[in-house]
Structure formats: C-alpha cells, structure tokens
Amino acid sequence: MSSAEGGELLRAPVFHTPANPFLQERALECHWDGGLLIRAGRVAASGDYAAVRAAHPEAESRDWRGGFLLPGFVDTHIHFPQVHVIGHLGRSLLDWLQECALPEEARMADEAYARRVACAFVRAVARHGTTTALAFGAHFAEATAALFETAAGAGLRLISGLVLSDRGLRPELHQTPNAAYEAATELIGRFHKRGRLLYAVTPRFAVSTSEAMLEVCQTLVREHEGLRLQTHLNENPDEIAEVKRRFPWAVDYLAVYERFGLCGPRMVMAHDVHPTDSELGRLAAEGTSVAHCPCSNGALGSGIFPLRRHVQAGVRCALGTDVGGGTGFGILKEALQAYLLQRVAAPPFVLGPAHLLYLATRAGAEALGLGGETGDFQPGKAADFVYLRPPAESPLAGVLARAETPESALAALFTMAGPESVAEVRVEGAAIYRAAA
Ligand SMILES: [Zn+2]
C-alpha cells in the first residue's frame, strides 16, 4: 500500500494507549484530527494531523475522516478448531468440552477439513480487527500446520502450537509424550520465527496432561529460544477439583505448572476466574500473564473474573475471545463484556474507555512479549491497525456524530461497534482485511 517513499499519511481520529491506564493517569492518547504516518510497514509518526503533515510534507495523504484509527486488536486466547461450535449455551466447562468441543476437535484429524476451518478462522479473526492472535492449534500436527500456513498466507500475526494431551479427553486426541515431543519439535522447526509466526507450547490443561507430558513441555521451552506457552488455569470449580485429584502433591492449580517451569514472561494462562491470593502473588512475581475471556466466562457460567484482585496483585491481564466457549471473534465485544461484568461485580470495578482500549491492544502485546513490536502507535512499531468506520445512517454513526469528547466516542465504539464497522485491517502496513466498498 505505502508505495510512495515519503510514506502514507492517514487522516482520522487516532486513539492508542502508550501507557497502562491501570497504573497511570492519562494513559490514553487521542488525536481528534489525527494523523498516522506509515512508512515501510512501520509507524513513522502519529499525532495531530497538522503537525505530522508539517513535519512530513512529502507523505501521501489520505482523508479517512468519518472513521477511527485504533491499534490492531490482540486476542490472547482462542481455539482454532472450535470455529463451528460457537453458541452451545447452557453448559458448564467440562460438559461443554465433552459434548460440544472435543467431538469437533477430533474432526481435525481430517487435514482437508482442518484446512477449511483454518481458512474460516483466519478470515473471521482478521475481519473483526484482530491483527495478533495467540491461538490453540489442533491435537493433530498437520491441522496445526494448516493453521500456520493459512495465517502466513493472509498476513496475520499468529502464535500457535500443537495442543498436547495424553489423558482425560477422547482417545483419538491423546498423543504419547514421545510422539508429542517429536511432532512439536518438527512444527517449531517449520514455523517458529518464520515471518510473523511464533510457536507456543500448548498443554491443553493440567486435567489432560500427565507429568511426563508436562516434562515434554518443559523440555521444549528449554530447547528453543523465544517460544511462548499457553494453557488454561482456574476456569471452573469442577476443573480445579479434578486437578487437585490428579496432582495430589500440588498445593494449588498453578503449582502444577510451576513444578515444570511453565510460568514466566511470555506464558499466558487463560481464565484464572478462581485464583487464590497466593496464586495471584506468584503469577505477578513470575511475570506470567492471564488471558481474560469474559464472554466465555459468562456463557459457560465460569464466574465473574476478579480483575481488581489481579490488578492489585500486579498480574498482567489481556483479553481473549476463547472461541468456541466464547461467543465470537470480536475483541470489541469482549472488552464491552469485561466492562459489563466488572460493572456488576461485588464491589463494582468501573472501567473506562482507556482501560478497554489498553486491554484490547497493548496489554495483549505485552502479554505475548510483543510490546516492542505492536499494540500502540509509537514510532518504530509495526503499522498494525484497525480502521473503524460505522455504516452511514447506523445508530452508532448517529451517536458518534454527537460525541462531545474523544473519550465518549471511544466508549461508544466499544459499546456499539461490531464487524460491520470494521472497514480495513492492516498488519505491518499491509491490508489483511478490507470491507467491500
Ligand atoms: Zn480456552
């Protein structure tokens, strides 16, 4: 896109959170008549349009007023094989897994089917404004490879890995630890650090992994530089009781992962709806991140995420959609659901638009160890962004036309914008999604 050497200067309101609003006042940066200058796939400048224009008169300017520029969304927890099982309501985690998710996950043994699901998955992710995703692959190596290849073809920034389990699911989803080690090693060699791809060691959860499998995870993390890790933690009381039964030596759920060195920066635990104070303190001390998935928490009745306790303990939290336990691909919707559930938590924790934008963007980049690369519009970062432009005549367009402050416009976007408002999505300056004109 940015063919001109002087770069491409996009003129529209610009929002980003170069700082953490949970720690710092005025973390939100808004430029109502804003400019975002992209050169060679990077952010060259961002700020007030007039200032950027004056400093870069050679840039090719595009008038994108009528829409809004936000950093691309970061989804820190999503399952690629579950695209087609969204929407089974009324169950709790363990029943939902057995009845809805795992039968579909078993179908990923069919590579051609998996490839079609991967296409649907990548398209849906991009179409909702997400530019970076940490995604569970499949329990099958070729299906996981299909996801990596599809994401690379589309330009999505993807971190994923083969899902590892050797008990407690369905026999066809179990691998031996040796086979898991070999298959994961092969996938790491093929995809880790290839373009925008990174590999994440992916034990499904402690319930479905033996100590030998967790040792495999530990070995993989030690043998390869820069791997991420993703798994589940403290989602549901029945799950927690099952972990206690299977690992009687562990003082709590987190201790299972700690024993195998699976905690620390670049490691992401999904959910953590029911943590002990000790676990929160250890997550913070280790630098482990939590993927908060409020739509899933509501849909599966897992509970109201104790966000305030996480923030007070100093645990890094970001957002995940948890498709298919969650309700869809929209990080905007996820942020709104976080707001709604915290609003009715006891005591309430009232989030503002700066918190929502941070959770949807920069917090995710930080959780994934990509804080220097994406998540906001500081110069030098990748030009990963979503351009939101509500349809003309839509209720949201009407609300935005009356917005008196940038903050109120941003709050309205989080409240009302869905995929119909996503006009263009770019990663490193290149479009990965563009709405039909
Ligand atoms: Zn999950």
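Structure: above.
Only a predicted model underlies this, so the values are computations on that prediction, with no experimental measurement involved.

Enquirer: Pulling in residues and values, what's your account of the pairing of strand β19 (residues 430-434)?
Expert: Both strand β18 (residues 422-427) and β19 contribute to a ladder of four bridges, which runs antiparallel. Its bridge partner being in β19, Val 425 is matched across the sheet by Tyr 433. Counting the residues in the hairpin turn of β18 and β19 gives two residues, including Glu 428, whose phi is positive at 50°.

Enquirer: Hey, could you go over unusual backbone geometry for me, with residue numbers and the actual values?
Expert: Put simply, Val 323 and Gly 324 share a cis peptide bond, and its omega is 5°. Position of Gly 324 relative to the elements: it lies in the loop between β16 (316-319) and α12 (331-343). The omega torsion across Ala 346 and Pro 347 is -10°, close enough to zero to call that bond cis. Looking at where Pro 347 falls in the secondary structure, it is placed in the loop between α12 and α13 (353-360).

Enquirer: Please provide a residue-by-residue account of the packing of α12 against helix α16 (residues 406-416), values included.
Expert: Orientation of α12 relative to α16, taken along the N-to-C sense of each, is 105°, at an axis distance of 7 Å. When the axis of α12 is compared with that of α16, the two are roughly perpendicular. Between α12 and α16, the contacting residues are Leu 332, Ala 335 and Leu 336 on the first element and Leu 413, Phe 414 and Thr 415 on the second. Here the contact of α12 with α16 is composed, by residue class, of five nonpolar, one polar and no charged.

Enquirer: Please set out the packing of helix α4 (residues 141-154) against helix α5 (residues 177-191) residue by residue, giving values where relevant.
Expert: Taken N-terminus to C-terminus, the directions of α4 and α5 make an angle of 15°; their axes are 11 Å apart at the nearest point. Here α5 runs roughly parallel to α4, going by the angle between their axes. Crossing angle aside, the handedness with which α4 passes α5 is right-handed. Facing Ala 141, Glu 142, Thr 144, Ala 145, Phe 148 and Glu 149 of α4, the residues of α5 in contact are Ala 183, Leu 187, Arg 190 and Phe 191.

Enquirer: Go over the pattern of salt bridges with me, naming the residues and quoting the values.
Expert: Applying the stated criterion across every chain, the model contains 31 salt bridges. Between Arg 426 and Glu 8 there is a salt bridge, with its nearest N and O atoms 2.9 Å apart. Here Arg 426 is found in strand β18, whereas its partner Glu 8 is found in strand β1 (residues 8-11), with 418 residues between them in sequence. Like Arg 426, the residue Glu 8 is buried in the burial classification. Here Arg 246 ties to Glu 242 by a salt bridge, and the two come within 2.8 Å at their closest N and O atoms. Here Arg 246 pairs with Glu 242, and both are found in helix α7 (residues 237-246), just four residues apart, close to one helical turn. A residue is classified by how much of its surface remains accessible, and Arg 246, at 24% relative accessible area, is partly exposed.

Enquirer: Go over the coordination of the zinc ion with me, naming the residues and quoting the values.
Expert: Coordination of the zinc ion by the protein comes from His 77 (NE2), His 79 (NE2), His 232 (NE2) and Asp 322 (OD), over a distance range of 2.0 to 2.5 Å. Mapped onto the sequence, the residues coordinating the zinc ion show the spacing H-x1-H-x152-H-x89-D. Of the two residues, His 77 is situated in strand β8 (residues 73-79) and His 232 in strand β13 (residues 228-233); the sequence distance between them amounts to 155 residues. What makes His 232 buried here is its relative accessible area of 6%.

Enquirer: Provide a residue-level description of the side chain of His 310, including the pertinent values.
Expert: As for its placement among the helices and strands, His 310 is situated in helix α11 (residues 307-313). A distance of 2.8 Å separates the side chain of His 310 from the side chain of Asp 272, its partner in a polar contact. For His 310, the side chain forms a polar contact with the main-chain oxygen of Pro 306, separated by 2.8 Å. Each residue touching His 310, except ones within four places of it in the same chain, is listed here: Asp 272, Pro 275, Leu 280, Val 290, Phe 305, Val 315 and Cys 317.

Enquirer: Lay out α5 with the relevant residues and their values.
Expert: In a regular helix each residue adds 1.5 Å, so 15 residues correspond to 21 Å; α5 covers 21 Å between its end C-alpha atoms and thus fits that length. When α5 is considered as a whole, its buried residues turn out to be Ala 180, Ala 184, Leu 187, Ile 188 and Phe 191. Down the axis of α5, the smallest arc covering the buried residues is 105°, so these residues share one side. In α5, the exposed residues that point more than 90 degrees away from the buried face are Asn 178 and Glu 182. Residues of α5 that are buried make contact with α4, β11 (163-164), β12 (198-203) and α6 (211-223). Lys 193 occupies a position one or two residues after α5 and carries a positive phi of about 65°.

Conventions adopted
- Residues numbered from 1 in each chain as written.
- Predicted model: local features only at pLDDT ≥ 70, side-chain atom pairs only at ≥ 80, totals over all residues.
- Heavy atoms only, no water.
- Pairing = 2+ DSSP bridges.
- Helix = DSSP H or I, 4+ residues; strand = E, 2+ residues; numbered from the N terminus.
- Axes fitted to C-alpha atoms, helices over the stretch in contact; angles between N-to-C directions.
- Parallel < 35°, antiparallel > 145°, perpendicular 65-115°, else oblique.
- Contact = heavy atoms within 4.5 Å.
- Nonpolar A, V, L, I, M, F, W, Y, C, P; charged D, E, K, R; others polar.
- Left-handed = near helix turned anticlockwise from the far one by under 90°.
- Salt bridge = Lys/Arg side-chain N within 4 Å of Asp/Glu carboxyl O.
- Buried < 20%, exposed > 50% of the residue type's maximum accessible area, 1.4 Å probe, protein only.
- Donors = N, O, S within 2.8 Å, 3.2 Å for Na, K, Ca; no water.
- Polar contact = N/O pair within 3.5 Å; in protein donor to acceptor, adjacent residues only side chain to side chain.
- Expected span 1.5 Å × (residues − 1).
- Arc of directions from axis to C-beta.

Shape is all these values report; function is a separate question.
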